[in-house]
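Take a look at the letters that make up each chain.
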Amino acid sequence: MRTLAIDTSTEAASIAVVIGDGPPAEVSFPGGKKRGEKLVPAVQATLEGLGLAPRDLEAYVIGLGPGSFTGLRAGLSFIKGLHLANPRPAVGVSSLQALACNARSWRGRIVAAVDAKKDQVFAAAFNCDGCSAPARVTEDEALGPLELVELARGNTLVVGDGLKKYGEMIRDALGGSAFIAPEPLWYPRAAWLAELAKPRLLNGESDDVESMVPFYVRHSDAELKLGKRVDFS
C-alpha cells in the first residue's frame, strides 16, 4: 500500500510516503503561517523522488491534533483536496499519540505535551513497554503547568515542544525523577502516523473525509471572540 501521511499540528510540519513494509520517505520543515503553501511543493517533491504521482497513492493519513489551529486546518484541507481529486481511504490519528511514538523504546509512562499557548499545553499520557504503539492512559486535553507536572510524576518520560516553556519547571519540581526527552524528539513524525493507521487500513477501515475535523480540544481565539459577540448581542 502506498500511503501519504501528513502532520501539521506543530511548528515543524512532517510528510511521509510509505510503500508497503519499506522504510518511509520522510521530510520535515518549519511550517509557519504558510503551511498550506509549503505542503504542495513538499509533497510533490517527495512523490517525484519516489517516481510516484498523486494518483498512485492508495491511502491518506492525517494528524488531527491537538495542536496549532492554523496548522491543523491547513493539513486537513490539503488531504481533503487530494481526496476530492483522487478518492482513497483516509484515517485520522492523534498527533499526540504519534509524538509519543518518538519515545516508544522507553519502558514506562510517556507524556506527550505540545505548546498550546495561553499558559497551557495539549497533553496526554501513554504506557509503553517496548511496544510498537504506546497505549493511551489519558485523553488529549489542555493542561496548565502544574497539571503537567502532576502528569509527569513517576517513571515518566516527557516529550514535545511544550518542554520549551515548561521543561525547566518540570526539572525543578521533580528533581532527579524528571525524565526529559532530547529536543530532536519533540515533534510528531508523519511516519508514525502511517504506522498507527496501518492496522485500520489493512482491515479495510477508514474515516469519512468530508466530515473529518481537527481535534482542537478547546475553542480557537476566533471562536471565543465570536461567542462573546453572540453573548452580548
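What you are looking at is a predicted structure, and each value in this text was computed from that prediction instead of being measured.

About the cut-offs
- Residues numbered from 1 in each chain as written.
- Predicted model: local features only at pLDDT ≥ 70, side-chain atom pairs only at ≥ 80, totals over all residues.
- Heavy atoms only, no water.
- pLDDT = per-residue confidence, 0-100.
- Contact = heavy atoms within 4.5 Å.
- Buried < 20%, exposed > 50% of the residue type's maximum accessible area, 1.4 Å probe, protein only.
- Helix = DSSP H or I, 4+ residues; strand = E, 2+ residues; numbered from the N terminus.
- Pairing = 2+ DSSP bridges.
- Lys, Arg positive; Asp, Glu negative; His and termini not counted.
- Salt bridge = Lys/Arg side-chain N within 4 Å of Asp/Glu carboxyl O.
- Polar contact = N/O pair within 3.5 Å; in protein donor to acceptor, adjacent residues only side chain to side chain.

**As for the confidence of the model for the chain**
Line of reasoning, step 1. A residue-level look at the chain finds 91% of positions with pLDDT of 70 or above and a mean pLDDT of 91.
Line of reasoning, step 2. Taken as a whole, residues 221-233 scores under 50 in pLDDT and shows two contacts with residues more than four places along the chain or in a different chain.

**A few points about the pairing of strand β7 (residues 121-129)**
Line of reasoning, step 1. Across the nine residues of β7, seven count as buried, placing the element largely inside the fold.
Line of reasoning, step 2. The pairing of strand β6 (residues 107-115) with β7 spans nine bridges and is antiparallel. Bridging from a neighbouring strand, arginine 107 pairs with aspartate 129 of β7.
Line of reasoning, step 3. The antiparallel pairing of β6 with β7 creates a hairpin that spans five residues between the two strands, and lysine 117 there sits at a positive phi of about 60°.
Line of reasoning, step 4. In this structure, β7 lies alongside strand β9 (residues 141-143), joined through three bridges in antiparallel fashion. Residue phenylalanine 122 lies in a different strand from β9, and its bridge partner there is alanine 142.

**Looking at the side chain of aspartate 161**
Line of reasoning, step 1. With respect to the helices and strands, the residue aspartate 161 is situated in the loop between β10 (156-159) and α5 (163-174).
Line of reasoning, step 2. Although aspartate 161 is buried, it makes no salt bridge; lysine 164 carries the closest opposite charge, 5.6 Å away.
Line of reasoning, step 3. A distance of 2.8 Å separates the side chain of aspartate 161 from the backbone nitrogen of aspartate 115, its partner in a polar contact.

**Points about unusual backbone geometry**
Most peptide bonds are trans, and most residues other than glycine sit at a negative phi.
Line of reasoning, step 1. In this structure, proline 66 follows glycine 65 across a cis peptide bond, with omega equal to 5°.
Line of reasoning, step 2. Examined against the element boundaries, proline 66 turns out to sit in the loop between β4 (59-63) and α2 (69-85).
Line of reasoning, step 3. Positioned with a positive phi, lysine 118 is a non-glycine residue whose angle comes to about 50°.
Line of reasoning, step 4. Mapped onto the elements, lysine 118 comes out in the loop between β6 and β7.

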